[in-house]
Amino acid sequence: MAVFEKEFRKRKIYLDDTIPLHCTFLNVQNIHGHIEYIIRVQRGPTTTDAWHIYKRYNDFVNLHHALQPSSLSLPLPPKKLIGNFDKEFIAERQAGLQKYINYILMNPILASSLPVKRFLDPDNYSSSFQETALQHVSMALRGELDYEMVKALSDIGWRLRKHYFQVKKRSNPKEELILSWVEYGPDKYLNDKELHAVLKGLATLQHPNIGGVEMLTCHDAGGYVVRRLNSEGSLRDTICHCKPRQTFLKKYSNPKLRCALPLPQVVFISTQILHGLRFLHEKGIPYGHLHLGNIMLENDVVKLVEIENGVLGLPSFYRPFFMQHRKISSLEAVDVYCFGHVLYEMTFGNPLHESVCDNLPPNCPPIIRPVLESILSSGACKSGMPSLEMLLALPVFSAKPATDHCYFKLSSHTRDALKDACHQTDARIKDEQKKVRHQKRLVKMQEVLNSEEDNKKDRKKHKVKREEKHVEGTMNGNGLSPERSDSPNSTSTATSAGTITPPSAVPPPPPPLTLNLTTQVEAVHIPQDDSRTALLGSICNFNKASLRRTKPVA
């Protein structure tokens, strides 16, 4: 039985929480005197991964209250006490709710929050992740006699399945430590034995720009790590002037104050980040999780944390962005792309909420502009971005920080298994990028078909209008004006096209008939029917020279 359970764990597919959700309102229905909206939700570019949810207006109100800690002004349609069942009002409210949910999903922080995920995908997000994490951590700490849990730090991070707890050592209770526990991600490709060996090696890793850990281990459901608690928080907390222990939604959705870092500090921090990334890639350690929340400053020295995320198979924070670009298909390219976003946020104080940036703000420093253009421009994402070595070779990052006391060691077998896991991670990135490109092609084809149908409809309308004008012109040319009254009691008489003579007026005598065909045919208009016109036309256009000779009959 244990063999089958082990094989099942190998084949288990974990849900990727970074895949964006899309919503479309389809219809409404009246259920027991209440209006329900039928909504189609789709995960990612694949149309097969979709489902329907049924929500009332009060459900949107509850979601709105759950998102209030963000301090954002969300466009929820107002309530109405009378006339809630009017068709026009229902259609107007449906359009307003569609706009409301689109606004939420366009905000990366709101879209990744638990209230939104639970609202759109109740089957996968209804369970209490906090209680599950508490159970796993309590079981894990039973075997660790030196650690004791103090309290839970709820929702301080952006990952829904990662939870933080404040712990302390019994041997040194004054030292503040933080424990983070997380479920495995969709990129977990190491088996239990190899994973334990890699985590054991990461626990002994030493580098000036990589944060150390007190304990790092895993079990059947996930992994957990214990490290020192930085009272000042991450670099994002510094830029947003937030308290580290507040909830993620409250800290970063709409901070009251954002400040960019001074240019010398930006260059100094960026150089240390690049050296830390180069060390990880030289040792074959998958990362891909660089963002301001994973950068700590200790005495002006950069410390990259959450190094274990890549080994545990967790998806990247910027994954929805680089999934749109074919050239970002390796872990090194992912780290370079994430470095571009980090450099942008440090320089301007605001995050880049788009996958590319072709128009940098005018206050961009001259030495930073070419670096950002080489990483974040649409041309760079299409043709390819620089490598870590190319970035470190730039004059702006020429400073060489201390790189002594660097250490990381794995057995050759474990190193090969880690290398194979990196290849599989790259393969999943490429596979999902193909799906995104395929979906974009389908959307373009649908837009072309829709435009052709619209053009056909427009041509048909123009044709009908031309026919109506032609009929109207024919009637006017035959003396049948549409303004003429068919009533026998009409007080006006039509004498020619476009001329109306009062009945009291005496009509002028007709002109004398002459045989001057060159002028008289044009002057006199004789109404003729279509058959006679065709006959006269064929007679006048007859050409004797076009006849073919035939052989005489003997």
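Analysis parameters
- Residues numbered from 1 in each chain as written.
- Predicted model: local features only at pLDDT ≥ 70, side-chain atom pairs only at ≥ 80, totals over all residues.
- Heavy atoms only, no water.
- Axes fitted to C-alpha atoms, helices over the stretch in contact; angles between N-to-C directions.
- Helix = DSSP H or I, 4+ residues; strand = E, 2+ residues; numbered from the N terminus.
- Parallel < 35°, antiparallel > 145°, perpendicular 65-115°, else oblique.
- Left-handed = near helix turned anticlockwise from the far one by under 90°.
- Contact = heavy atoms within 4.5 Å.
- Nonpolar A, V, L, I, M, F, W, Y, C, P; charged D, E, K, R; others polar.
- Pairing = 2+ DSSP bridges.
- Salt bridge = Lys/Arg side-chain N within 4 Å of Asp/Glu carboxyl O.
- Buried < 20%, exposed > 50% of the residue type's maximum accessible area, 1.4 Å probe, protein only.
- Disulfide = S-S within 2.5 Å.
- Phe/Tyr/Trp six-rings, centres within 6.5 Å; stacked < 30°, edge-to-face > 60°.
- Lys NZ or Arg CZ within 6 Å of the ring centre and 35° of its normal.

A. Structural detail: the packing of helix α11 (residues 263-282) against helix α14 (residues 331-348). Direction vectors running N to C along α11 and α14 enclose 165°, while the axes themselves pass 11 Å from each other. Compared by their axis directions, α11 and α14 come out roughly antiparallel. Our pair here, α11 against α14, has a crossing hand that is right-handed. Counting all contacts with α11, which are made through Val 266, Ile 269, Ser 270, Ile 273, Leu 274, Leu 277 and His 281, the residues of α14 involved are Leu 331, Glu 332, Asp 335, Phe 339, Val 342, Leu 343, Met 346 and Thr 347. Class assignment for the residues of the contact of α11 with α14 results in 10 nonpolar, 3 polar and 2 charged.

B. Structural detail: the sheet that holds strand β2 (residues 34-43). Read from one edge to the other, the open sheet built from 3 strands follows the order β1-β2-β3, with strand pairing classed as antiparallel. In this open sheet, the two strands that pair with only one neighbour each are β1 (21-31) and β3 (50-55). For this sheet, the mean inter-axis angle between neighbouring strands, taken without regard to orientation, is 25°. Packed onto the sheet, helix α2 (residues 57-66) meets β1, β2 and β3 and runs at close to 95° relative to β3. Helix α3 (residues 87-105) rests against β1 and β2 of the sheet, and its axis sits at about 155° to β1.

C. How the structure looks around the pattern of salt bridges. Under the criterion given, the structure shown has 18 salt bridges. Between Glu 345 and Arg 236 there is a salt bridge; the shortest N-O distance is 3.9 Å. In this pair, Glu 345 sits in helix α14 while Arg 236 sits in helix α9 (residues 235-240), placing the two residues 109 residues apart along the sequence. Between Arg 428 and Glu 432 there is a salt bridge; the shortest N-O distance is 2.6 Å. Placement of the pair is Arg 428 and Glu 432 together in helix α18 (residues 412-477), with a separation of 4 residues, close to one helical turn. Residue Arg 428 shares its accessibility class with Glu 432, and that shared class is buried. Because the salt bridges share partners, they merge into one network encompassing Asp 16, Asp 187, Arg 319, Arg 428 and Glu 432.

D. Region of the structure containing the state of the cysteines. Following the criterion strictly, the structure yields 0 disulfides and no others. With no disulfide of its own, Cys 357 lies closest to Cys 364 among cysteine sulfurs, the gap being 8.7 Å. For Cys 357, a relative accessible area of 9% corresponds to the buried category.

E. Quick peek at unusual backbone geometry. We note that Asp 155 has phi near 55°; this positive angle belongs to a residue other than glycine. Looking at where Asp 155 falls in the secondary structure, it is placed in the loop between β4 (147-153) and β5 (162-169). A positive phi is found at Asn 299, a non-glycine position, where the angle reads about 55°.

F. Structural view of the packing of aromatic side chains. In the structure shown here, the tally under the stated rule is 12 aromatic pairs. Their ring planes at 90° and their centres at 6.2 Å tell us that Tyr 125 and Phe 129 sit as a pair that is edge-to-face. For the pair shown, Tyr 125 and Phe 129 are each scored as buried. The ring of Tyr 57 carries the charged tip of Arg 93 above its face, separated from the ring centre by 3.8 Å. Here the guanidinium or amino end of Lys 188 rests over the ring plane of Tyr 184, the centre of that ring lying 4.9 Å away.

Shape descriptors only; they carry no functional weight alone.
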